Amino acid sequence: STYFPWIDVDGNILTQSVSDDRTDATLSLVAAPVLGTPPNASLLASWRERLWAVDRAEVDHARYSEAGQMWAWPSENDILIGREGADARGITAIMARRDALGFGRRESLNQVTGTINNNFRSVVLSENVGVESQETVCIYKDTAYFLWKDGVYTWDQNGIKCISDTKVRSWF
C-alpha cells in the first residue's frame, strides 16, 4: 500500500518503455525511504522544504519531515522547544518567516537554527514574551505579528518589539 520511487522519466509528455531485469530477490538491496510515523499534529507549518509540526501528545517537541519528502517523519527528527513540562500547553504557535522559524510558548519565543538534520537547534529569543495561540499569528513581508497577554508584538530581523505600547496598552 506504500509506493516508493522506482524510476524517473524526464518530461511530462514523453512516452517510454522501461525494461528492468531486476529479480524480486534483489529488491531488498534497493534502499526504501525512511517513513516514520507522522505526528498527530495540533500545529503544522511548512519551512525550507519540510513540514514542521507539534504532536498533540508531545506538546514540548517540534517534529519535522525529511527535506522534500513530506511523507517521511523519522522519529529522530525531533527538537525540544523550551523547557519540557514548563506548562501544560507547550508550544502554542509556529511562525515560519522567510529565513527564520519561530516557536511560541506562553512565556517564551524560540527559534530553530540550522539547515540540516544534524545541526537543527532551538535557541531562546525571549523568556519575557510569548505567543497566546496560533490564531493570533500573522506573517506579512517577513514580519511575524502576534498577540501576547499585554499587547501586539512583531518579530523580524531586528528582533521582538511591542507595537501596542503607547495608545492601546491599557486595553490589555
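The following paragraphs examine the structure supplied in this document. Computed from a prediction, not measured in an experiment: that's the story for all the values here.

### Thoughts on the overall build of the protein
So, step 1. In terms of regular secondary structure, the protein is built from zero helices and 12 strands.
So, step 2. Going from N to C terminus, the protein has its helices and strands arranged as β-β-β-β-β-β-β-β-β-β-β-β.
So, step 3. For the protein, with 172 residues in total, the buried portion stands at 35%.
So, step 4. Across the protein, the fraction of contacts at a sequence separation of at least 24, relative to all contacts at a separation of at least 6, is 39%.
So, step 5. Accessible surface, the protein: about 11,000 Å² in total, of which carbon and sulfur atoms supply 50%.

### A few points about the pattern of salt bridges
So, step 1. Across all of its chains, the model carries six salt bridges by this definition.
So, step 2. Arg-105 serves as the salt-bridge partner of Asp-87, at 3.8 Å between the closest nitrogen and oxygen. Placement of the pair is Asp-87 in the loop between strand S4 (78-80) and strand S5 (91-96) and Arg-105 in strand S6 (residues 101-105), with a sequence separation of 18 residues.
So, step 3. Relative accessible area serves as the criterion here: at 2%, Arg-105 is assigned to the buried category.

### Here's the deal with the pairing of strand S7 (residues 109-113)
So, step 1. The element S7 is largely enclosed, with a buried count of four among its five residues.
So, step 2. What sits between S6 and S7 in their antiparallel hairpin is a turn of three residues.
So, step 3. Pairing of S7 with strand S8 (residues 121-126), which is carried by five bridges, proceeds in the antiparallel orientation. Each bridged residue has a counterpart across the sheet, and for Val-112 the counterpart in S8 is Ser-122.

### A word on the sheet that holds strand S3 (residues 61-64)
So, step 1. Ordered by their spatial adjacency, four strands build an open sheet running S1-S2-S3-S4, and the pairing between neighbours is antiparallel. A single partner strand is all that each edge strand has here, and the edge strands are strand S1 (41-47) and S4. Taken pair by pair, the neighbouring strands of this sheet meet at an average axis angle of 25°, ignoring direction.
So, step 2. Alignment of strand S2 (residues 50-55) against S3, held across two bridges, turns out to be antiparallel. Each residue of the ladder has a partner; that of Ala-53, found in S3, is Arg-63.

### Section: a nonpolar patch on the surface
So, step 1. There is a patch of nonpolar side chains on the surface, built from Tyr-140, Tyr-145 and Ile-163 and spanning about 300 Å² of accessible area.
So, step 2. Positionally, Tyr-145 belongs in strand S10 (residues 143-148).
So, step 3. The exposure class assigned to Tyr-145 is partly exposed, which follows from its relative accessible area of 30%.

### So, unusual backbone geometry
So, step 1. Look at Arg-48: it is not a glycine, yet its phi comes out positive at around 50°.
So, step 2. Residue placement: Arg-48 occurs in the loop between S1 and S2.
So, step 3. Look at Arg-48 and you get partly exposed, because its relative accessible area is 38%.
So, step 4. Positive phi values are uncommon outside glycine, yet Lys-141 reaches one of about 50°.
So, step 5. With respect to the helices, strands and loops of the structure, Lys-141 is situated in the loop between strand S9 (138-140) and S10.

### Looking at the sheet that holds S10
So, step 1. Pairing within the open sheet is antiparallel, and its four strands lie in the order S9-S10-S11-S12. Taken across any chain shown, the strands that pair with only one partner, and hence form the sheet edges, are S9 and strand S12 (159-162). On average, adjacent strands in this sheet sit at an angle of 25° to one another, irrespective of strand direction.
So, step 2. Pairing of S10 with strand S11 (residues 151-156) involves five bridges; the strand directions are antiparallel. In the strand pairing of S11, Phe-146 is matched with Tyr-153.

Calculation rules
- Residues numbered from 1 in each chain as written.
- Predicted model: local features only at pLDDT ≥ 70, side-chain atom pairs only at ≥ 80, totals over all residues.
- Heavy atoms only, no water.
- Helix = DSSP H or I, 4+ residues; strand = E, 2+ residues; numbered from the N terminus.
- Buried < 20%, exposed > 50% of the residue type's maximum accessible area, 1.4 Å probe, protein only.
- Contact = heavy atoms within 4.5 Å.
- Areas by Shrake-Rupley, 256 points an atom, 1.4 Å probe, with all protein chains shown as cover.
- Salt bridge = Lys/Arg side-chain N within 4 Å of Asp/Glu carboxyl O.
- Pairing = 2+ DSSP bridges.
- Axes fitted to C-alpha atoms, helices over the stretch in contact; angles between N-to-C directions.
- Patch = residues over 30% accessible without salt bridge, like charges linked within 9 Å, V, L, I, M, F, W, Y side chains within 5 Å.

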